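Results of the structural survey
Here is how the chains run, residue by residue.
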Amino acid sequence: MTETTTRKPIRKAVFPVAGLGTRFLPATKAIPKEMLPIIDRPLIQYAVDEAREAGIEELIFITGRGKTAIVEHFDQAYELEATMGGRGKSLDVLEPTRIQPGNLVTVRQQVPLGLGHAIWCARAIVGNEPFAIFLPDELMVGNPGCMKQMVEAYNEVGGNLISVLEVPEDEVSSYGVIQPGKRGFGPGGALTEVLGLVEKPKREDAPSNLIISGRYILQPEVMRTLESQGKGAGGEIQLTDAMARMIGQQPFHAVTFAGRRFDCGSKTGFVEATLALALEREDMADEVRAMAKRLLGV
Ligand code: UTP
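To start, this report covers the structure provided alongside it.

Focus on the layout of surface pockets
Looking at the largest pocket, its volume works out to about 1,000 Å³. Lining the largest pocket are 38 residues, with Arg 23, Leu 115, Leu 135, Asp 137 and Glu 236 positioned closest to its centre. Of all the secondary-structure elements, those providing two or more residues to the lining of the largest pocket are helix H5 (115-120), strand E11 (210-218), helix H9 (239-246) and strand E13 (260-263). With four residues, E11 is the largest single contributor of residues to the lining of the largest pocket. For the lining of the largest pocket, the residue count by class is 15 nonpolar, 13 polar and 10 charged.

What to know about the side chain of His 253
As for its position among the elements, His 253 is in strand E12 (residues 252-256). Apart from the residues lying within four places of it in its own chain, the contact partners of His 253 are Val 157, Asn 160, Leu 161, Ile 162, Phe 185, Leu 191, Thr 192, Glu 193 and Val 194.

Remarks on unusual backbone geometry
Of the consecutive residues Leu 25 and Pro 26, the connecting peptide bond is found in the cis state with omega at 5°. For Pro 26, the location among the structural elements is in the loop between strand E1 (12-16) and strand E2 (37-38). Look at the link from Asn 143 to Pro 144: it is a cis peptide, with omega at 0°. Tracing the backbone through its elements, the reader meets Pro 144 in the loop between strand E7 (138-141) and helix H7 (146-157).

Regarding the pattern of salt bridges
What the rule picks out here adds up to 15 salt bridges. For Asp 137, the salt bridge goes to Lys 33, with nearest N and O atoms at 2.7 Å. Separated by 104 residues along the polypeptide, Asp 137 in the loop between strand E6 (131-134) and E7 and Lys 33 in the loop between E1 and E2 bring together distant segments of the chain. On the accessibility criterion, Lys 33 (11% relative accessible area) is buried. Between Asp 40 and Arg 281 there is a salt bridge whose closest N-O contact spans 3.0 Å. Placement of Asp 40 in the loop between E2 and strand E3 (41-42) and of Arg 281 in the loop between helix H10 (267-278) and helix H11 (285-296) is noted, with a sequence separation of 241 residues between them. Owing to a relative accessible area of 48%, Asp 40 belongs among the partly exposed residues under this scheme. Among the residues examined, Arg 281 registers a relative accessible area of 25% and is labelled partly exposed. Several salt bridges converge on common partners, so that one network encompasses Arg 11, Lys 12, Glu 58 and Glu 129.

Thresholds applied
- Residues numbered from 1 in each chain as written.
- Predicted model: local features only at pLDDT ≥ 70, side-chain atom pairs only at ≥ 80, totals over all residues.
- Heavy atoms only, no water.
- 1 Å grid on protein atoms, 1.4 Å probe; cavity = no way out; pocket = protein on both sides within 12 Å on 5 of 7 lines; lining within 4 Å.
- Points joined across faces, edges and corners; volume = space filled by probe spheres on them.
- Helix = DSSP H or I, 4+ residues; strand = E, 2+ residues; numbered from the N terminus.
- Nonpolar A, V, L, I, M, F, W, Y, C, P; charged D, E, K, R; others polar.
- Contact = heavy atoms within 4.5 Å.
- Salt bridge = Lys/Arg side-chain N within 4 Å of Asp/Glu carboxyl O.
- Buried < 20%, exposed > 50% of the residue type's maximum accessible area, 1.4 Å probe, protein only.

This is the structure we're talking about:
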């Protein structure tokens, strides 16, 4: 058997949604950040759509207090559907919110101790399989989507993969940064070997300007590494630190995403995503362009 035929497929995705969303307060006091809509779909819906496009159907949400609206969103809304049906309205608009019974599992992260801790909370559900991670506040727009591009790369090289993109050097200290090795191979020349990872480095210490951008495919061994992972930057248990310890023991590659990424965890990124997507929608583009011109006085 070749290596490709023995590689386990990516069937499960973990969505850590237990963060406090402090940058969006007070909007996120009672509403999860992941339910904020870009036009007419909440952020979590874009991430779930991207997972399904990549063939991933088993969804694991790491939630916390005040996050039940996310689970409600993917539940059957009996009264709404009965009322709409009774009025002759189409239910097609609800189609993306439908999930096969048993395909959505939630796990509580009782205390938000960091992204690494949130992922570790999924260990029993993930079991002994490679799995995907989506940070839903990073909106990845591409065709094919980011995870589909990553799964294609995974089918070639296996191991662990993270999605990366270049940022200006003065922004690296806000992100996880990779130390790149060999570059430009694999599907579309998108792969880079990862030799090291560092979370939120000082600008002068950063090994590159390639930042980790919210999508991962990891081997289940990361759970054991997280088990013994101490606190890192910001006093949180960092996924980046645990991944860094796996380098050298397992293949580790970065995929440069062919598409656009919007940081919807920040206010300006959120506004940019809303405008960019509105300008691409056939049902709104003309009106939004005219409105933007009017507002800018051009
Ligand atoms: P962020 O760093 O964006 O934190 O987390 P946050 O709490 O969501 O937002 P701010 O910075 O306070 O505004 C990155 C991702 O990790 C999840 C978040 O939900 C988000 O998807 N996360 C973070 C957890 O699930 N648990 C944690 O303990 C920390």
